Amino acid sequence: MSGNDASDPLVVIDATVHVTPSRTVRGDLWAEDGRITHVGPRGKKPRPARARVIEADGAFVVPLLVDTAMRARAEDQRGVYDVAPGNPATFAVTRERMSESRIGQMLVLRPYDLLAVVVWGHVEAWQGEPTRPAGTPAPGLQRWHGVWVDESHELEQHLLLDGRYTETRHGRTDAYTGRYWVRDDRVTYLDDTGFWAFGELVDGVLHHAGFVMRKRLTPG
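Keep in mind that this is a model prediction, so the values were computed, not measured.

**A closer look at the sheet that holds strand 12 (residues 164-169)**
Think of a sheet as strands paired side by side through backbone hydrogen bonds, with each pair either parallel or antiparallel.
Logical step 1: In space, the eight strands of this closed barrel follow the order 10-11-12-13-14-15-16-17, with antiparallel pairing throughout. Shown here is a sheet whose adjacent strand axes are inclined to one another by a mean of 30°, direction ignored.

**Side note on the nonpolar core**
Logical step 1: Counting 22 residues, the largest nonpolar core has Val12, Leu29, Ile54, Val61, Phe91 and Val93 as the members making the most contacts within it.
Logical step 2: Elements with a minimum of two residues in this core: strand 1 (10-18), strand 2 (24-32), strand 6 (91-94), strand 7 (114-119) and strand 8 (122-126).
Logical step 3: When neighbours within four sequence positions are excluded, Val61 is seen to be in contact with Val12, Ala15, Thr16, Val17, His18, Leu29, Val83, Phe91, Ala92 and Val93.

**Some words on empty space enclosed by the protein**
Logical step 1: Scanning the entire structure with this criterion turns up two cavities of 30 Å³ or more.
Logical step 2: Taken together, Leu65, Val66, Gly104, Gln105, Met106, Leu107, Val108, Ala197, Phe198, His208 and Ala209 make up the lining of the largest cavity.
Logical step 3: Contributing elements (two or more residues each) for the lining of the largest cavity: helix 2 (100-105) and strand 15 (195-202).
Logical step 4: Tallied by class, residues from the lining of the largest cavity come to eight nonpolar, three polar and no charged.
Logical step 5: Of the voids in this model, the second largest cavity is the one considered here, and its volume is about 60 Å³.
Logical step 6: Forming the walls of the second largest cavity are Arg132, Gly135, Thr136, Leu141, His145, Gly163, Tyr180, Trp181 and Val182.
Logical step 7: Of the residues in the lining of the second largest cavity, the class split is four nonpolar, four polar and one charged.

Rules used in this analysis
Residues numbered from 1 in each chain as written. Predicted model: local features only at pLDDT ≥ 70, side-chain atom pairs only at ≥ 80, totals over all residues. Heavy atoms only, no water. Pairing = 2+ DSSP bridges. Helix = DSSP H or I, 4+ residues; strand = E, 2+ residues; numbered from the N terminus. Axes fitted to C-alpha atoms, helices over the stretch in contact; angles between N-to-C directions. Core = buried A, V, L, I, M, F, W, Y, C linked by side-chain atoms within 4.5 Å. Buried < 20%, exposed > 50% of the residue type's maximum accessible area, 1.4 Å probe, protein only. Contact = heavy atoms within 4.5 Å. 1 Å grid on protein atoms, 1.4 Å probe; cavity = no way out; pocket = protein on both sides within 12 Å on 5 of 7 lines; lining within 4 Å. Points joined across faces, edges and corners; volume = space filled by probe spheres on them. Nonpolar A, V, L, I, M, F, W, Y, C, P; charged D, E, K, R; others polar.

What follows is the structure in structure tokens.
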């Protein structure tokens with residue numbers, strides 16, 4: 001699938017939906033214009049016409065949450081990325097069962113298990129593969145380029161202009177390398193070792209898998 005138009009309706013059929021990391025419902029998920037419009041049993045409502053369809057067969061829809069990012073928001077904004085009607089259509093669909101702690105703290109997904117990654121209604125990954133080349137121009141892309149540092153964890157994450165990233169950890173260069181994609185306040189990573197991971201930008205701070213990174217200012 002190559003479609004990345006958020007205005008196209010999207011339907012996930014027969015999924016176990018983590019509305020929050022701890023609360024699930026079984027049914028369908030619908031999204032239009034980048035936002036979720038329905039979660040749960042279909043009832044008598046007709047599904048959106050001409051929708052892109054993901055046959056989940058009980059697979060899991062999980063929110064793309066980062067605990068540190070959630071805590072950085074005002075309390076009344078902490079549910080903004082719950083998988084609930086009215087919220088952004090930002091989630092992953094995976095065959096692998098996810099624990100509550102894993103969803104919030106260290107969400108990594110194997111391509112084999114991954115049916116889709118959706119960010120603001122745009123399908124970023126389909127059947128474990130990206131839907132667009134890394135480094136594809138996107139609004140606000142320039143603010144992501146550079147070196148992001150979490151000094152407390154001795155981490156440097158370099159987001160390069162060509163859509164590649166490399167991480168230095170505890171002084172070890174290229175500890176992790178791979179490709180990345182950005183959309184609005186979200187970044188999606190595909191590591192060269194074979195896993196997908198996710199991050200979020202809140203007030204200029206990059207949150208990813210327990211790391212809290214600030215962009216290193218360049219001289220001049």
